[in-house]
Amino acid sequence: EGYWLAVVKRLLREYYTPLRGELDPLGMFDRIKTLLEQETIGFDWVEHFKKRSQEVKWIIVQYSRLLDRLAIARQMLEVSRECEFRGGNWEHYLEFAEWVQPHTNDTEVLYNSFQKGKINLHVNITGFGIHSRVLDCMAMNCFIMSHTTPRRCVGQLTECFEPDVHYGVFTPEDFKERARY
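First, a word on scope: everything that follows refers to the structure included in this document. Owing to the predicted nature of the structure, the values given are computational and were not obtained by experimental measurement.

Positive phi values are uncommon outside glycine, yet Leu19 reaches one of about 65 degrees. Secondary-structure assignment places Leu19 in the loop between helix H1 (2-15) and helix H2 (25-38). The exposure class assigned to Leu19 is buried, which follows from its relative accessible area of 2%. In the Ramachandran plot, Asp164 falls in the positive-phi region, its phi being about 65 degrees despite a non-glycine side chain. Tracing the sequence through the fold places Asp164 in the loop between strand S4 (144-147) and strand S5 (168-170). Classification of Asp164 as partly exposed rests on a relative accessible area of 48%.

Below is the structure:
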């Protein structure tokens, strides 16, 4: 079990570039399956892998999301130390301990957090999809920023809103400059 998980993480670190919005979960799933088929290790990992395909797809998505979140948090701290990271699992990363706020379902706490921030950040591994947090920030006139993406699919924020008019966009290369603006 630990072997295929290590393969998934290794391939994602090798083939997924954080903050690009280019993850293809099914393509990554096929790449992992192919790699397992090529390796001879004395156990039928491919059959084991197929039985757990839903779990593997979930791990692909969640680990990619984690890579994005860590990348943007590190870049944000290079711009300003006056920030907070809210949500699940931040407490597991000691480098961010000073800035971690607990996950909350209390909308008043959440909305106050959005309003006091100069920039609210959003990342999306497969492209810039509409998330309630994004719409909440926009509805409250809070500034929200997300990475650009080359992917075009139904349900993207770009179908209804204009980049750099209704929300800010960045690439990993220009984040610091845009966040300071």
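Turning our attention to the pairing of S4. A two-sided burial pattern is seen for S4, the buried positions comprising Ile144 and Ser146 on one face and Met145 and His147 on the other. Sheet topology places S4 next to S5; three bridges connect them, and they run parallel. From the neighbouring strand, Met145 faces S5, where its bridge partner is Gly168.

Right, let's get into the packing of H2 against helix H4 (residues 53-79). Close contact between H2 and H4 brings their axes to 10 Å; oriented N to C, the two are set at 115 degrees. The handedness of the crossing between H2 and H4 is right-handed. From H2, Pro25, Leu26, Met28, Phe29 and Ile32 reach across to H4, where they touch Ser53, Val56, Lys57, Ile60 and Val61. Its residues assigned to classes, the contact of H2 with H4 shows eight nonpolar, one polar and one charged.

Each value, and the rule that gives it
- Residues numbered from 1 in each chain as written.
- Predicted model: local features only at pLDDT ≥ 70, side-chain atom pairs only at ≥ 80, totals over all residues.
- Heavy atoms only, no water.
- Helix = DSSP H or I, 4+ residues; strand = E, 2+ residues; numbered from the N terminus.
- Buried < 20%, exposed > 50% of the residue type's maximum accessible area, 1.4 Å probe, protein only.
- Pairing = 2+ DSSP bridges.
- Axes fitted to C-alpha atoms, helices over the stretch in contact; angles between N-to-C directions.
- Left-handed = near helix turned anticlockwise from the far one by under 90°.
- Contact = heavy atoms within 4.5 Å.
- Nonpolar A, V, L, I, M, F, W, Y, C, P; charged D, E, K, R; others polar.

Read these as spatial facts, not as claims about activity.
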